[in-house]
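Architecture at a glance
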Amino acid sequence: MQRDDIRNLAMLVAFAIIGLLFPIVATTRFSQHILVMVVLYAVLGEAWNIMAGYAGMVSIGQAAFFGLGAYVSSVLSVKYGVSPWLGMLCAGLATAAFATVIGLPFSRLRGRYFAIGTIALGQMIKVVFENWQWVGAATGLMIPLANQGFASFQFHASKLPYYYTGLALLLLTLAFMYIMERSKMGYYFKAIRENEDVASGLGVNRTAYKLIAIAVSAGITGMCGTFLAQYSLYVEPEYMFNHSISVTIALVAVFGGSGNIIGPVLGSAILMPISELTRAWLGSSGTGIDLMIYGAFIVLMCVYEPEGLVGMARRIGASIKAQRERRGAARCQNS
Amino acid sequence: MSELVVKGLTKKFGGLIAVNDVSFSVKSGEILGLIGPNGAGKTTVFNCLTGFLKADGGSVEFNGRSIYNCSPNAICALGVARTFQVVQVLQGMSALENVMVGAYLRHSRTAASRRRALEALERVGMSRFADMRAVNLTLPAKKRLEVAMCLATDPQVLMLDESMAGLTPTEIHDASSMICELRDAGMALIVVEHVMEAIMPIADRVMVLDSGIKIAEGLPAEIVRDPRVVSAYLGDKYAKRVKC
Amino acid sequence: MILQLATGGLLLGCIYGLVSMGLSLIYGVMGIVNFAHGAFVMLAMYASYWLSLFVGIDPVLGTPLVALLMFGFGIVVYRAIIGRVLRGPFLARLLVTFGLSIFFINMAQFLWSPDYRMVQKSISRGIIMLGPVFIELPKLVASIGSLIVAGLIYWFLRKTKTGLAIQAISIDRSAAALMGINLERLNAIAFGLGLACAGAAGALLASYYYIFPDVGTMFGLVALVAVALGGFGSTEGALIGAILIGIIETLGGFYVGPEYKYALIFLAYVLIVIARPKGLMGWGAD
Ligand SMILES: Nc1ncnc2c1ncn2[C@@H]1O[C@H](COP(=O)(O)OP(=O)(O)OP(=O)(O)O)[C@@H](O)[C@H]1O
Ligand SMILES: [Mg+2]
């Protein structure tokens with residue numbers, strides 16, 4: 001038990017160090033941009049993972065929470081001059097609160113009814129923002145330029161400070177998930193995912209725990225929304241509530257392997273560079289080639305590796321072990 | 001000393017009255033056998049008592065407190081647990097983790113929950129399988145696991161829905177002695193069973209349902225001779241022949 | 001006015017109905033939510049467009065051909081992809097068609113550009129008056145076409161041996177397998193039929209609707225909502241749900257504002273599903 005904990009802590013530290021070392025090789029703005037996207041989607045994938053991978057509520061509408069978070073902090077900063085950091089906190093709390101209210105009726109829906117409900121939610125909230133004059137309707141809001149620095153959460157010279165901020169967010173999320181997975185909450189989430197009836201028969205208050213999962217997931221996603229808003233310095237419904245954000249989030253997590261901590265990080269580390277690079281090489285976005293490759297990835301993944309990269313690694317590990325054992329057994333027989 | 005008192009329980013599915021004005025009670029240290037032909041309403045009684053179905057009438061009191069149409073988790077938290085007729089476990093989790101989910105109800109810390117879960121697995125003779133994924137267990141093992149999951153919630157009343165169906169005679173013997181041990185430890189049990197040889201020797205009282213109606217209740221020895229029970233099980237003709 | 005709108009809604013609902021029927025059929029038989037259904041409608045619309053442009057086949061008249069093409073395509077997609085995922089985990093079954101959808105939509109965008117296209121000459125043109133109601137002829141033709149195809153599918157399911165076998169699967173898959181029904185073959189046929197519905201709908205739509213890569217998305221989502229409203233697995237439910245949506249969309253678009261019409265459909269979905277978590281006529285597993 002204790003040895004395990006030390007090993008895991010060592011892994012987390014090693015992971016943080018690797019994360020801190022990346023910028024040495026990433027010297028161009030483009031490679032820094034890729035790093036930022038990797039950490040951003042790793043956090044988003046983990047947030048999705050809490051709700052879908054652990055608690056079994058598959059969401060294809062995370063953009064609703066993401067965009068909401070982006071708008072909360074942007075409106076606060078544009079209209080009331082609130083610091084983006086405070087804005088980020090407000091974004092997290094507001095999206096979590098919104099998700100709890102929405103989650104109350106949604107938590108009654110199961111499986112695919114829930115998934116479709118989240119698609120519906122994503123579309124509805126986008127339409128609302130597209131027509132809401134006070135927040136700039138379809139044109140959105142520009143976040144006024146400020147002197148760069150951590151105080152203003154704006155960095156113009158280099159993208160690396162964004163990366164470090166994202167990395168910090170990622171490490172916090174991972175630490176939370178590490179604790180969650182080993183606690184009552186994590187077990188209850190998984191029990192709900194596996195079989196709601198059994199779970200409630202064993203005393204799990206499924207509505208309460210589902211709401212917790214939804215709220216935490218939405219809160220983290222909302223904070224990521226603030227992050228992207230500060231990174232791009234503008235918010236716009238078509239950008240922040242885009243359906244492809246919801247899809248990419250789910251994909252990153254599934255590709256890496258959902259229902260375990262490391263999966264979404266792996267998924268993001270592999271998929272985001274691919275998607276950014278194809279976009280850069282094969283022409284600007286809009287040709288659809290990047291998303292086309294995405295789609296093919298999802299399909300191939302579902303057909304050949306439905307458990308994700310982590311599942312693949314586990315399987316390979318198991319087969320190596322089995323082979324070694326077989327060889328060992330053969331040696332025993334020979335001697 | 002705890003007691004579950006059910007009065008006038010009724011459940012309708014559309015036009016069908018699956019449970020019709022059924023009353024009974026069970027106390028700690030007692031095994032109540034619940035028998036009846038297929039479709040008699042036994043499982044439906046369980047579902048209503050444990051909150052999985054909303055009943056349409058009657059009252060259910062546990063230790064003087066109404067648990068009528070409460071939520072399943074609230075009922076479990078008060079100390080009433082049940083197994084499912086079609087065995088239900090958390091497929092993707094290990095046997096130990098399955099039981100830990102139950103144990104967390106009374107032990108919030110993981111270490112304590114794990115300890116309690118290991119005890120419960122030991123009790124049903126499943127310690128060997130602790131790390132196996134539930135989906136890979138055999139049916140009898142899954143049934144034991146389900147009992148362990150219930151036990152981990154420290155229930156005062158335990159309802160078993162055909163836990164012994166499909167088991168070999170040795171396994172039935174083991175299960176029966178475990179049930180008796182639980183009773184002797186002060187638990188109240190309601191046991192639904194089709195296997196007469198299994199239920200009759202261990203039950204303190206037996207209640208018979210037929211088409212949702214309680215047609216008899218009494219000592220096992222009385223029940224097997226009750227003409228209404230014989231006719232419910234084997235048809236009127238046979239019952240008449242037996243009488244002659 | 002309300003009569004005019006309701007008629008428009010009804011006509012739209014018929015096409016939605018055809019799309020939804022295919023979706024419902026696929027779900028009922030193999031438990032797959034086909035998120036790519038809209039993309040298949042889009043592909044069929046392009047097929048129709050190319051046929052009319054290069055071969056000179058009118059979209060309406062070409063409907064059977066496109067439906068047949070999509071049927072074949074469906075069999076291929078089933079054999080290559082869907083069939084292999086069926087035994088996989090829930091997430092894979094849920095997401096695979098999602099991937100297909102993204103793939104096809106962006107493929108269309110990549111190959112054929114995001115431009116809007118329109119079939120130039122179609123045999124059904126103009127407006128007719130039916131009592132106090134104006135009806136655009138192409139829409140009427142498309143709706144009637146949809147009803148005919150829906151009727152054919154219905155007939156197939158109720159009256160032919162294969163159709164009955166397909167129904168048996170959607171009622172109880174393991175029992176059907178025990179009765180010696182070849183699941184794989186029928187799954188493939190059902191998937192093909194589902195796509196044929198999407199294909200026919202696409203061809204009929206192509207006679208008057210703009211064609212662009214994302215055109216199917218809304219049809220797919222609307223069908224999804226319709227099927228969920230009707231309850232997954234219920235073909236009649238899907239048709240009723242679809243007509244309901246057609247009417248909500250036209251009335252809502254007029255009285256609340258066109259920009260809100262899809263939001264209203266989704267709102268209706270959320271409200272109905274929350275009141276009845278398994279849809280209006282649903283049954284079965286999640
Ligand atoms: N969810 C339901 N919806 C409609 N009818 C139901 C439902 N559950 C049970 N029934 C019906 O209620 C009646 C009682 O069923 P129940 O499962 O309680 O019987 P049982 O005594 O447990 O039978 P068995 O010995 O076969 O398990 C049956 O006629 C059954 O068809
Ligand atoms: Mg039963």
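Quick note: structure is the one above.
Residues numbered from 1 in each chain as written. Chains lettered and ligands numbered in written order. Predicted model: local features only at pLDDT ≥ 70, side-chain atom pairs only at ≥ 80, totals over all residues. Heavy atoms only, no water.

1. A look at the nonpolar core
Residues Leu145(B), Met30(C) and Ile82(C) are the most contacted members of the largest nonpolar core, which totals 260 residues. Considering every element that reaches this core, the biggest residue donor is helix α2 (residues 29–54) of chain A, with 17 residues. Among the domains, domain 1 (3–79 + 156–241) and domain 2 (90–154) of chain B are the pair contributing at least three residues each to this core. Discounting chain neighbours no more than four positions away, the residues touching Leu145(B) are Val89(B), Ala95(B), Asn98(B), Val99(B), Leu121(B), Met126(B), Ala134(B) and Leu137(B). (Core = buried A, V, L, I, M, F, W, Y, C linked by side-chain atoms within 4.5 Å. Buried < 20%, exposed > 50% of the residue type's maximum accessible area, 1.4 Å probe, protein only. Helix = DSSP H or I, 4+ residues; strand = E, 2+ residues; numbered from the N terminus. Domains from an automatic or database assignment. Contact = heavy atoms within 4.5 Å.)

2. Focus: the pattern of salt bridges
Opposite charge on two side chains makes pairing possible when the charged atoms of those side chains draw close. Residue and element names in this part refer to chain B. Following the criterion strictly, the structure yields 17 salt bridges over all chains and no others. In this structure, Asp-154 and Arg-116 form a salt bridge, with 2.7 Å as the shortest nitrogen-oxygen distance. Of the two residues, Asp-154 sits in the loop between α5 (139–152) and β7 (157–161) while Arg-116 sits in helix α4 (residues 110–123), which places them 38 residues apart along the sequence. Residue classification places Arg-116 among the buried residues on the basis of a relative accessible area of 14%. With its nearest N and O atoms 3.3 Å apart, the salt bridge here joins Asp-184 to Arg-183. Asp-184 sits in the exposed class, given a relative accessible area of 61%. For Arg-183, a relative accessible area of 15% gives the class buried. (Salt bridge = Lys/Arg side-chain N within 4 Å of Asp/Glu carboxyl O.)

3. Some words on the coordination of the magnesium ion (ligand 2)
Ideal values differ by geometry: the angle at a metal is 109.5 degrees with four tetrahedral donors, but 90 or 180 degrees with six octahedral donors. Residue and element names in this part refer to chain B. Distances from the magnesium ion (ligand 2) to its protein donors, namely Thr-43 (OG1) and Gln-85 (OE1), fall within the range 1.9 to 2.0 Å. Note that Thr-43 is positioned in helix α1 (residues 42–49) and Gln-85 in the loop between β6 (80–82) and α3 (95–103), a separation of 42 residues in sequence. Of the residues examined, Gln-85 reaches a relative accessible area of 36% and is grouped as partly exposed. (Donors = N, O, S within 2.8 Å, 3.2 Å for Na, K, Ca; no water.)

4. A short note on unusual backbone geometry
In this structure, Asp154(B) takes a positive phi of about 50° despite not being glycine. Of note in this structure, Ser113(C) is not a glycine but carries a positive phi near 65°. As for its placement among the helices and strands, Ser113(C) is situated in the loop between α4 (90–112) and β1 (127–130).

5. Quick notes on the packing of aromatic side chains
Overall, the coordinates contain 35 aromatic pairs over all chains when judged by the stated rule. Ring centres of Phe129(A) and Phe241(A) lie 4.8 Å apart, and the angle between their planes is 40°; this geometry places the pair in the tilted category. With Phe129(A) in helix α5 (residues 111–130) and Phe241(A) in the loop between α10 (237–240) and α11 (243–256), the pair connects residues that are 112 residues apart, well separated along the chain. Of the two residues, Phe129(A) and Phe241(A), neither departs from the other in class, the shared state being buried. Pairing Trp50(C) with Phe54(C) gives two aromatic rings, centres 5.9 Å apart and planes at 10°, and the pair type is stacked. Here Trp50(C) and its partner Phe54(C) are both found in helix α2 (residues 37–55), four residues apart, which amounts to about one turn of the helix. The class for Trp50(C) is partly exposed, based on a relative accessible area of 23%. Using a relative accessible area of 63% as the deciding quantity, one classes Phe54(C) as exposed. Ring pairing ties together the aromatic residues Tyr71(A), Phe129(A), Trp132(A), Trp134(A) and Phe241(A), which thus form one cluster. One residue, Arg182(A), lies across the ring of Tyr178(A), its end atom 3.9 Å from the ring centre. (Phe/Tyr/Trp six-rings, centres within 6.5 Å; stacked < 30°, edge-to-face > 60°. Lys NZ or Arg CZ within 6 Å of the ring centre and 35° of its normal.)

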